[in-house]
Amino acid sequence: QPNFGASLHILKVEIGGDAQSTDGTEPSHMHYENDENYFRGYEWWLMKEAKKRNPNIKLIGLPWAFPGWIGKGENWPYDYPDVTAYYIISWILGAKQYHDLDIDYIGIWNERAFSSKYIKLLRYTLDKHGLEQVRIIASDRLWEPISFVMMIDSELHGVVDVIGAHYPGTKTVQNAILTGKKLWSSEDYSTFNNDDGAGCWARILNQNYVNGNMTSTIAWNLVASYYEELPFGRCGLMTAQEPWSGHYKVESPIWITAHTTQFTQPGWSYLQVDGHLEGGGSFVALTDGLGNLTIIIETMSHNHSKCIRPPLPNFNVIPQRATFYLTGSFYMVETLQVWHSRLDFEYGNSSLFQQLHPLQVWKGRFSLDLNVDEVYTLTTLNTGRKCDCPEPPPPQPFPSNYNDDFNIRNPPFSEAPNFADQTGVFEYFVNASDPGDHVFTLRQVVVQRPITWVSDADQTISVIGNFKWVNMTVTCDIYIEKPRDGGVFIAGRVDNGGIYVRHSKGVFFWVFADGTYRVTGDLAGKEILMKGLAGVRDNAWHTLTLNIQGNSASGLLNGYPLWENVTVSKPGNGWAALGTRSFEFAQFDNFHVE
């Protein structure tokens, strides 16, 4: 929302590809070749909520992964570029048709290879469908080789509108400048959202332009709304990771953002001044071309502004008095509004986004005493505002007794709350043929390994609960759909997810369509703790119960003991989980963990 808090200019979303993209999987709008559904996942909702608050917010779509059918069995999206282009354009058209969302920019493949042939075909296909206004960003990786290839391929140069680099460390390269294209840091920040994260964000918001000529900086990620023990926990501009309690925290990076976003807009221009301050730190100046001027100053010290990547070379910042001279049309400016933040690393008593007394400008000249670890915004605009919001509800741990019967006729989302899919996609399902007990279930729906972005597991898995849990009982009704070699599991003390999901350990209780069962200490199924006959078959409902107490585990099938006294040593704690043996259809119902 403009003039409220972070007042963001851009929202960049993942085009879900049914595969792991750092902290979970996001569902594709086309799981299968003959399948289209523009109501999966949360991104449609998120974009609409953003547009409700700021109709002018720019929207960017970028795929991290693709459903397997696009590669026809190969882990590569460019063998059939026409298929990939059709898939991406379907997403853009679906955004408009079903949600009235206009996508402004489209990317290629996050932090992976690009194909010049595909990018050209994407532009051609966009134009053919009347999407001339959608601009192309490439390649969401490094400045090279995209800049060099654009310099030697004039057709590619003609179709790429923005060169987007990730974590550029505020620097660009000569080839990128020579292209004459807009240069963006199209993914940056990714840093724990305490005051050091705020320092990182303040520094790069300015210095990406001062050192690297970048006119946009995009933070991964918007809001940390995923289990904190997943990779890059709390690397969002704010934190809202307890949907069960409603607790959230507006972290300091939000107010650092406001210093830039509340006093500039897309379409404003950076003034071409050398923004390095003599005593260290930087400033940028922007104008709307209509007489308004905004200056943003930061004096972040080295040790309090390190981002997660790349490493930060040493530099010094000292207290200093800076004098600014306004010339040309700005010579007439008499007063500047002042907004100030000071990050206090000694006593943790930071002052964030406070309005100070206006600054008088005398004949185009003014001076400012700058301390270390400060941000100032000086502006001709009178619109700044620090929202006064009610206190959020207090934090609470995940409920220690939790169940979900998935009995919801018209769910607001395609996926059940609190389940965090880490490989595969688990969706609400209506079982029309069921006599009544299991009409509404949760179903794993990815049946072919996707074109992955990282090493997804070979099994599918969704985790839930409190990572600190030690002793627990997990119960779930399960339904294997795949004959012969199909299988499902329930699990506890699961210790890993996200990009590390392949290496998840825990206590896994498997049953298979061939009538056997297994207990393993890992998701991969290599560490076998117990095995035997269970008599489970496919296309029938069974109830699994897993009980873990101390260093002992036991399992029940349909309420009767199947195995017991299995010794479990590590991990000592972790989430509950459910999943399947392979990329296969399977259903779950009446999930309960205590």
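As recorded by an unreviewed UniProt entry, the protein carries the name Galactocerebrosidase and is attributed to Vidua chalybeata. Annotation of the protein in UniProt includes, under Sequence similarities (unreviewed entry), the sentence "Belongs to the glycosyl hydrolase 59 family."

J.: An account of the overall build of the protein is requested, with residue identities and associated values reported.
T.: Check the secondary structure of the protein and you find eight helices and 33 strands. Its C-alpha atoms give the protein a radius of gyration of 26 Å, near enough to 25 Å, the size a compact globule of 594 residues would have. A principal-axis box enclosing the C-alpha atoms of the protein has dimensions of 90 × 55 × 40 Å. Looking at the 594 residues of the protein, the share that counts as buried comes to 59%. Partitioning the contacts of the protein with sequence separation of at least 6, the portion at a separation of at least 24 is 69%. Surface exposure of the protein reaches about 25100 Å², of which carbon and sulfur atoms provide 50%.

J.: Break down the sheet that holds strand β10 (residues 247–249) for me, with residues and values.
T.: Reading across the sheet, the three strands line up as β8-β9-β10 and stay open at both edges, with mixed pairing between neighbours. At either end of the open sheet lies a strand with only one pairing partner, and these are β8 (223–224) and β10. Bridge analysis of strand β9 (residues 238–242) against β10 gives two bridges, and the strand direction is antiparallel. Bridge pairing in β10 links Thr239 to Lys249.

J.: Help me get a handle on the UniProt feature "active site" (unreviewed entry) in the protein, residues and values and all.
T.: The UniProt feature table records "active site" (unreviewed entry) at Glu111 and Glu187. Taken together, the annotated residues stretch across 77 residues yet fold into one region, lying no more than 9.8 Å apart by C-alpha. By secondary structure assignment, the location of Glu111 is in the loop between β3 (105–106) and α3 (116–128). Checked against the element boundaries, Glu187 lands in strand β6 (residues 182–189). Other than its neighbours up to four places away in sequence, Glu187 contacts Trp64, Asn110, Glu111, Ala165, His166, Tyr167, Ile218 and Trp220. A polar contact of 2.6 Å, which involves the side chain of Glu187, links it to the side chain of Tyr167.

J.: For the packing of helix α7 (residues 195–210) against helix α8 (residues 252–261), give the residues involved together with the corresponding values.
T.: In contact at an axis separation of 8 Å, α7 and α8 are set at 20° when each is read in the N-to-C sense. One way to sum up the angle between α7 and α8 is to call them roughly parallel. In the packing of α7 onto α8, the handedness of the crossing is right-handed. Note on element contacts: α8 touches α7 through Ser252, Pro253, Ile256, Thr257 and Thr260, opposite Asp195, Gly197, Ala198, Trp201, Ala202 and Leu205. A per-class count over the contact of α7 with α8 returns six nonpolar, four polar and one charged.

J.: Describe in detail the UniProt feature "domain: Glycosyl hydrolase family 59 catalytic" (unreviewed entry) in the protein, supporting the description with residues and values.
T.: UniProt records the feature "domain: Glycosyl hydrolase family 59 catalytic" (unreviewed entry) at residues 1–262, using the numbering of this structure. Between the C-alpha atoms that bound residues 1–262 there is a distance of 10 Å. The span itself is 33% helix and 18% strand.

J.: Describe the nonpolar core, listing the residues and the values that go with them.
T.: Counting 61 residues, the largest nonpolar core has Ile461, Val511, Phe588 and Phe591 as its most contacted members. By residue number, the principal contributor to this core is strand β26 (residues 505–512), which donates six residues. Composition of this core by domain shows at least three residues from each of domain 1 (10–262) and domain 2 (402–593). Membership of the second largest hydrophobic core comes to 54 residues, among which are Val83, Ala85, Ile88 and Ile146.

J.: Give a detailed account of unusual backbone geometry, specifying residues and quantitative values.
T.: If a residue is not glycine, its phi is most likely negative; likewise, a peptide bond is most likely trans. A cis amide bond links Glu144 to the next residue, Pro145, at an omega of 10°. Along the polypeptide, Pro145 turns up in the loop between β4 (135–141) and α4 (146–152). Backbone torsion omega between Trp220 and Asn221 reads 5°, so that peptide bond is classified as cis. Inspection of the secondary structure puts Asn221 in the loop between β7 (217–220) and β8. Its identity is not glycine, yet Thr22 carries a phi of approximately 140°, on the positive side. On the basis of relative accessible area, Thr22 is assigned to the buried category, the value being 6%.

Rules and cut-offs
Residues numbered from 1 in each chain as written. Predicted model: local features only at pLDDT ≥ 70, side-chain atom pairs only at ≥ 80, totals over all residues. Heavy atoms only, no water. UniProt positions renumbered as here; feature names shortened; annotations may be inferred. Helix = DSSP H or I, 4+ residues; strand = E, 2+ residues; numbered from the N terminus. Rg over C-alpha atoms; globule rule 2.2 N^0.38 Å. Buried < 20%, exposed > 50% of the residue type's maximum accessible area, 1.4 Å probe, protein only. Contact = heavy atoms within 4.5 Å. Areas by Shrake-Rupley, 256 points an atom, 1.4 Å probe, with all protein chains shown as cover. Pairing = 2+ DSSP bridges. Polar contact = N/O pair within 3.5 Å; in protein donor to acceptor, adjacent residues only side chain to side chain. Axes fitted to C-alpha atoms, helices over the stretch in contact; angles between N-to-C directions. Parallel < 35°, antiparallel > 145°, perpendicular 65-115°, else oblique. Left-handed = near helix turned anticlockwise from the far one by under 90°. Nonpolar A, V, L, I, M, F, W, Y, C, P; charged D, E, K, R; others polar. Core = buried A, V, L, I, M, F, W, Y, C linked by side-chain atoms within 4.5 Å. Domains from an automatic or database assignment.

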